[in-house]
Amino acid sequence: MSQVVAASSERESRWTTIAETGLILLVFFLYAGWPPPSVNEAHYLAKAKHYWQPDWCAGDRFLTSADAHLVFYWTFGWLTRLAPLAAVAWIGRAITWGLLAWSWQRLSWAIVPRRFVSLWTAGGLLLFNGRFHLAGEWVVGGVEAKGISYAFVFFALGALVRQRWNAAWILLGLATMFHPLVGGWSLVAAGCAWLSCGKLRPPLSQMRFGLAAALILALPGLIPALLLNRGVSPDVALQADLIYVYRRLSHHLVVHRFPHAFMARYALLLGVWLTVCFVTPCRACRGELGQRPLRGFVAGSLLIAAMGILIDQALLQRLDLAAPLLKYYWYRLADVMLPAGAALALARWMTDLEARRPAVGQAAFILGGLLVVAGVGQINYEQRQDLRPLADIQSLPSWPNRPQETRQVYDQWREACRWIAVHTPRDACFITPRMQETFKWYAQRSEVCCWKDVPQDAGELVAWWQRLRDLYPRRLMAGGLAAHGEPRLRELANQYGAQYIVSDRWLSQRPLNLVRVYPPPGSPEATSPAPFEVYWVGPRSR
């Protein structure tokens, strides 16, 4: 009889897991299910496609630069040989979000083993991460390496809470394989979690298999990252670090440049987490770890972030010493783990409150659920005001009070890229407008450079920065590419091997005195200025 009950309970638990995972996946879709490419998808998937098809956008300097995420390219890149980039994006999202939903359900159930509470905590994760981040880090979005890595981190946290330390180390090794920064910092945070368990932590001798496996699994992710500066001089490496940290990605890496509002709201969330942890015991005194490994992991991520702040503040006058250290994204893990820890800690506190005072606890759950739904719903509503892909929202011109004009420019950008994909040689190279990041995605052609596409190896990073300075000096912010003048544009095209120029006429006040090929002569669009025009500058035949 007991075996029948156990089997029935196991089936019920399995169906609960499937149902909750499916509902969490639906929430993720409602939160981030916008047309591709999303932020970073044009960057990641273009690199993955070129890795498997080197003749695609051949000669593009970013695509031919060092591959820092080989495991991701091997895992998802082959799909680009079978389907268009947009379809690959949706397939990758489904896989990534599915793994994130499953891993989060298992983690949430380990903290609060109660039906459908994982749905509540998943909404809390999205709300806290979307509204209370410090450095702009996110979990659920477009397909890229870090999404898969975070899924393995959540699986590992579930294993830690269940005191399966060897499994946790192996899962963190897989996380590092996909993304060396997310996984690498998670290994450090897991070490903090192990220390936080005090006398209840397992001895190292019992974890040697898991630790060794984690190291071996991490190598495919770590080795390409460690070889990025191979063969460059220390001066070039330092120049690349300064560009990367202070010129291009300071909004992720340099805490004294973060908006003060971001710091205040992050401090508020930290205060909430600390308060809930204080009022909710871990029960370690009764021989149970409870939430202690999770709290130790979150505390470890915060300690890593604190080290980043210390480096930033101590070396304000020595940027040459700070840049090589700050490039390692000290705030990335804490930006995710504090929201995750706060959502799970609040759910555990409400459950304990309900056990002591049922009416109050149920009211707290209902109120919390309403707040989560309202917060995530507000984010959804804000995004629905502009249904363009997020990569285009981030880069193309937008006029909040003129949505029709904003959409029209996007449509004309797509149309210009579509014409280029059909009517220009596959090996053609283009000088493109500064404010775009989706040219390769739509036009399927190489470009001299793009602000979004930052090479990861030092030599190419320095060369990329020089191309940006040559092509997009400050005066182009108001005048577009036409501000160079035709002689300079011809010189730049010859210098960088470009045969075509895409002019941003919404900035330029005059057409270029070059051979215009788009809009084509005789077309209705040719009679009036189009937001984007394509000019041929040779030397190859049109």
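Data block above holds the structure.
Note that the structure is a prediction, hence the values are computed from the model and not measured.

Draft legend 1. Here's a closer look at the sheet that holds strand 5 (residues 532–536). With mixed pairing, the five strands of this open sheet are ordered in space as 2-1-3-5-4. Both edges of this open sheet fall to strand 2 (446–447) and strand 4 (515–518), since each of them pairs with a single strand only. Examined bridge by bridge, strand 1 (residues 429–431) and strand 2 share two bridges and lie parallel to one another. Bridge pairing in strand 2 links Cys429 to Ser446.

Draft legend 2. Looking closely at empty space enclosed by the protein. Applying the stated criterion across every chain yields a total of four cavities of 30 Å³ or more. Taken as a whole, the largest cavity encloses approximately 50 Å³ of empty space. What lines the largest cavity is Asp60, Arg61, Phe62, Lys440, Glu447, Val448, Cys449, Cys450, Asp453, Pro455, Trp464 and Arg467. A per-class count over the lining of the largest cavity returns six nonpolar, no polar and six charged.

Draft legend 3. Region of the structure containing a nonpolar patch on the surface. Together, Leu23, Leu26, Phe29, Leu30, Trp90 and Phe116 line one region of the surface with nonpolar side chains, adding up to about 520 Å² of accessible area. When residues in the nonpolar patch are grouped by element, the largest group, four residues, is from helix 1 (residues 2–32). For Leu23, the location among the structural elements is in helix 1. The partly exposed category is assigned to Leu23, whose relative accessible area is 35%.

Draft legend 4. Geometry of the packing of aromatic side chains. Under the definition given, this model contains 23 aromatic pairs. Ring centres of Trp52 and Trp74 lie 5.0 Å apart, and the angle between their planes is 75 degrees; on these two criteria the pair is classed as edge-to-face. Here Trp52 is found in helix 2 (residues 41–52), whereas its partner Trp74 is found in helix 3 (residues 70–76), with 22 residues between them in sequence. Considering the side-chain rings of Trp102 and Phe155, the 5.1 Å spacing of their centres and the 85 degrees angle between planes classify their relative orientation as edge-to-face. Taken together, the residues span a long stretch of sequence, with Trp102 in helix 4 (residues 85–111) and Phe155 in helix 6 (residues 145–161) at a distance of 53 residues. These aromatic residues form a ring-pair network of at least three members: Tyr44, Tyr51, Trp52, Phe72, Tyr73, Trp74 and Phe76. A cation over an aromatic ring shows up here: Lys47 above the ring of Phe62, its NZ or CZ 5.7 Å from the ring centre. Lys146 extends its terminal NZ or CZ atom over the ring of Trp138, reaching a point 3.9 Å from the ring centre.

Here is what the cut-offs are and how they apply
- Numbering of residues begins from 1 in every chain and follows the order in which that chain's sequence is written.
- Residues qualify for local features only when their pLDDT is at least 70, as the model is predicted, and side-chain atom pairs are given and counted only at 80 or more; totals for whole chains, interfaces and linings, by contrast, use all residues.
- To get the side-chain values, take all heavy atoms of the structure and skip hydrogens and water.
- Strand pairing follows a simple DSSP-based rule, namely that at least 2 bridges must link the two strands.
- Numbering goes from the N terminus for both helices and strands, where a helix is a DSSP run of H or I of at least four residues and a strand is a run of E of at least two.
- A pocket here means an open set of points on a 1 Å grid, computed over the protein atoms alone, that has protein on both sides within 12 Å along at least five of seven lines. A cavity is instead a set of points where a 1.4 Å probe fits but cannot get out; residues with an atom within 4 Å of a point line either one.
- Grid points are joined across faces, edges and corners, and a volume is the space filled by probe spheres set on the points.
- Three residue categories are used. Nonpolar comprises Ala, Val, Leu, Ile, Met, Phe, Trp, Tyr, Cys and Pro, charged comprises Asp, Glu, Lys and Arg, and polar comprises the others, including Gly.
- Each patch is assembled from residues with relative accessible area greater than 30% and no salt bridge, linking like charges that lie within 9 Å and nonpolar side chains (Val, Leu, Ile, Met, Phe, Trp, Tyr) that lie within 5 Å.
- In these tables, accessible area is a Shrake-Rupley quantity obtained with a 1.4 Å probe, and a residue counts as shielded only by the protein chains included in the view.
- What counts as a salt bridge is simple: a side-chain nitrogen of Lys or Arg found within 4 Å of a carboxyl oxygen of Asp or Glu.
- Throughout this description, buried means an accessible area under 20% of the type-specific maximum (1.4 Å probe, protein chains only), exposed means over 50%, and partly exposed covers the range between.
- Between rings of Phe, Tyr and Trp, where Trp is taken as its six-membered ring, a pair exists when centres lie within 6.5 Å; planes separated by under 30 degrees are stacked, by over 60 edge-to-face, and by other angles tilted.
- We count a charge as sitting over a ring when the NZ of a lysine or the CZ of an arginine lies within 6 Å of the ring centre and within 35 degrees of the ring normal.

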